[in-house]
Amino acid sequence: DTGVSQDPRHKITKRGQNVTFRCDPISEHNRLYWYRQTLGQGPEFLTYFQNEAQLEKSRLLSDRFSAERPKGSFSTLEIQRTEQGDSAMYLCASSRPGTGTYEQYFGPGTRLTVT
Amino acid sequence: SQQGEEDPQALSIQEGENATMNCSYKTSINNLQWYRQNSGRGLVHLILIRSNEREKHSGRLRVTLDTSKKSSSLLITASRAADTASYFCATDEDYNQGGKLIFGQGTELSVKP
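Residues numbered from 1 in each chain as written. Chains lettered and ligands numbered in written order. Predicted model: local features only at pLDDT ≥ 70, side-chain atom pairs only at ≥ 80, totals over all residues. Heavy atoms only, no water.

Caption draft 1: Spatial organisation of the sheet that holds strand β6 (residues 55–58) of chain B. Residues and elements named next belong to chain B. One open sheet holds the five strands; their spatial order is β1-β3-β8-β7-β6, and the pairing between them is antiparallel. A strand with exactly one partner marks an edge of an open sheet, and here the two such strands are β1 (5–7) and β6. The mean inter-strand angle of the sheet, taken between neighbouring strand axes irrespective of direction, is 15°. The sheet contact formed by β1 and strand β3 (residues 19–24) spans three bridges and is antiparallel. By the bridge assignment for β3, Glu5 is matched with Ser24. (Pairing = 2+ DSSP bridges. Helix = DSSP H or I, 4+ residues; strand = E, 2+ residues; numbered from the N terminus. Axes fitted to C-alpha atoms, helices over the stretch in contact; angles between N-to-C directions.)

Caption draft 2: Structural view of the layout of surface pockets. In this model, the largest pocket occupies a volume close to 560 Å³. Every residue lining the largest pocket is counted, 26 residues in all, and those nearest its centre are Gln37(A), Leu39(A), Gly40(A), Gln37(B) and Ser86(B). Every element with two or more residues in the lining of the largest pocket is listed here: β9 (88–95) and β11 (110–114) of chain A together with β9 (85–92) and β11 (107–112) of chain B. When residues of the lining of the largest pocket are assigned to their parent elements, the largest contribution, four residues, is made by β11(B). Grouping the constituent residues of the lining of the largest pocket by class yields seven nonpolar, 17 polar and two charged. (1 Å grid on protein atoms, 1.4 Å probe; cavity = no way out; pocket = protein on both sides within 12 Å on 5 of 7 lines; lining within 4 Å. Points joined across faces, edges and corners; volume = space filled by probe spheres on them. Nonpolar A, V, L, I, M, F, W, Y, C, P; charged D, E, K, R; others polar.)

Caption draft 3: Here's a closer look at the sheet that holds strand β1 (residues 5–7) of chain A. Residues and elements named next belong to chain A. Taken together, the four strands give an open sheet; going across it, the order is β1-β3-β8-β7, and neighbouring strands pair in antiparallel fashion. Two strands in the sheet have a free side with no partner beyond their single neighbour: β1 and β7 (65–68). For this sheet, the mean angle separating the axes of adjacent strands, direction not counted, is 15°. When β7 meets strand β8 (residues 75–79), the two strands line up antiparallel, connected through four bridges. Bridged to Ala67 within β8 is Leu77.

Caption draft 4: A look at the confidence of the model for chain B. Per-chain confidence: chain B averages 92 in pLDDT, with 95% of residues scoring 70 or above. The secondary-structure element of chain B with the lowest mean pLDDT is β1(B), recorded at 86, while strand β7 (residues 61–66) of chain B shows the highest, at 98. (pLDDT = per-residue confidence, 0-100.)

Caption draft 5: Here's a closer look at the environment of Thr77(B). Residue and element names in this part refer to chain B. Here Thr77 is to be found in the loop between β8 (71–76) and β9. Owing to a relative accessible area of 27%, Thr77 belongs among the partly exposed residues under this scheme. Expressed as a C-alpha distance, the spacing of Thr77 and His57, which sit 20 residues apart in the sequence, is 11 Å. Apart from the residues within four sequence positions on either side, Thr77 is in contact with Glu17, Asn18 and Arg60. (Buried < 20%, exposed > 50% of the residue type's maximum accessible area, 1.4 Å probe, protein only. Contact = heavy atoms within 4.5 Å.)

Caption draft 6: Spatial organisation of the pattern of salt bridges. Under the criterion given, the structure shown has six salt bridges over all chains. Its salt-bridge partner being Asp83(B), residue Arg60(B) comes within 2.9 Å of it at the nearest N-O pair. Separated by 23 residues along the polypeptide, Arg60(B) in the loop between β6 and β7 and Asp83(B) in the loop between β8 and β9 bring together distant segments of the chain. Each of the salt bridges in this network shares a partner with another, and the network as a whole consists of Arg64(A), Glu83(A) and Asp86(A). (Salt bridge = Lys/Arg side-chain N within 4 Å of Asp/Glu carboxyl O.)

Caption draft 7: Quick look at the side chain of Gln37(A). Mapped onto the elements of the fold, Gln37(A) is located in strand β4 (residues 31–37). Judged by relative accessible area, which is 9%, Gln37(A) ranks as buried. The contacts of Gln37(A), once residues within four sequence positions are left out, are Gly42(A), Pro43(A), Ala88(A), Met89(A), Leu91(A), Gln37(B), Leu43(B) and Phe88(B).

Caption draft 8: The state of the cysteines, seen in detail. A full pass over the atoms with the stated rule returns two disulfides over all chains. Paired through a disulfide, Cys23(A) and Cys92(A) show a sulfur-sulfur distance of 1.8 Å. Measuring the twist about the S-S bond at about -65°, one finds the Cys23(A)-Cys92(A) disulfide to be left-handed. Of this pair, Cys23(A) sits in strand β3 (residues 19–24) while Cys92(A) sits in strand β9, and the two are 69 residues apart along the sequence. You'll find Cys23(A) and Cys92(A) in the same group, each marked buried. Across the disulfide from Cys23(B) sits Cys89(B); the S-S distance is 2.0 Å. The disulfide joining Cys23(B) to Cys89(B) has a torsion of about 70° about its S-S bond and is therefore right-handed. Taken as a pair, Cys23(B) in strand β3 and Cys89(B) in strand β9 lie far apart in primary sequence, 66 residues in all. Here Cys23(B) and Cys89(B) have matching classes, each one buried. (Disulfide = S-S within 2.5 Å.)

Next comes the structure, spelled out in structure tokens:
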């Protein structure tokens, strides 16, 4: 069990550019979640997958955001035409609720800075 | 949107003292979880309490849940400097459980040696 990994750990981009983040969940976990966290706040839910199906999307996920989990393993989160308000920590988590355990395991996050 | 509110927002204590953090939420839940976050890092799960449970222990942690008041508390006994972190409560309100978590704003705990 190597835990949840995220890449890159830090990303600095200019406003208007597109960025893509990757998350690799714990291998036997079928659910994968994306959250966004700004300084001094708790994480806010963005979207989650069960295997390759995207089950829920937050209203926070504007049409500039898209997430995929094509083979039910790793996931990508893309932000198009970035804005300064997108600057935040993007957290990925995974879980395996079918075993009766509901805790989520978080990755280290990707810190995005939009200049 | 964030469901929970946590109190206090910041807490500073001496090593060896107990720390109590409170969380309130707004809707019906399946379970409530507590997470810890060290500065600038990912969250670590601490403990989960189900909606039909009232109290749960894990090592130096004690969690209570009062569904009638829609509130929970986390007690850390005999605190250590290494307990310095932000603590978040999170509620799972999904019908089938295992869905999104709704986090509170967190309590920043500082334990001075």
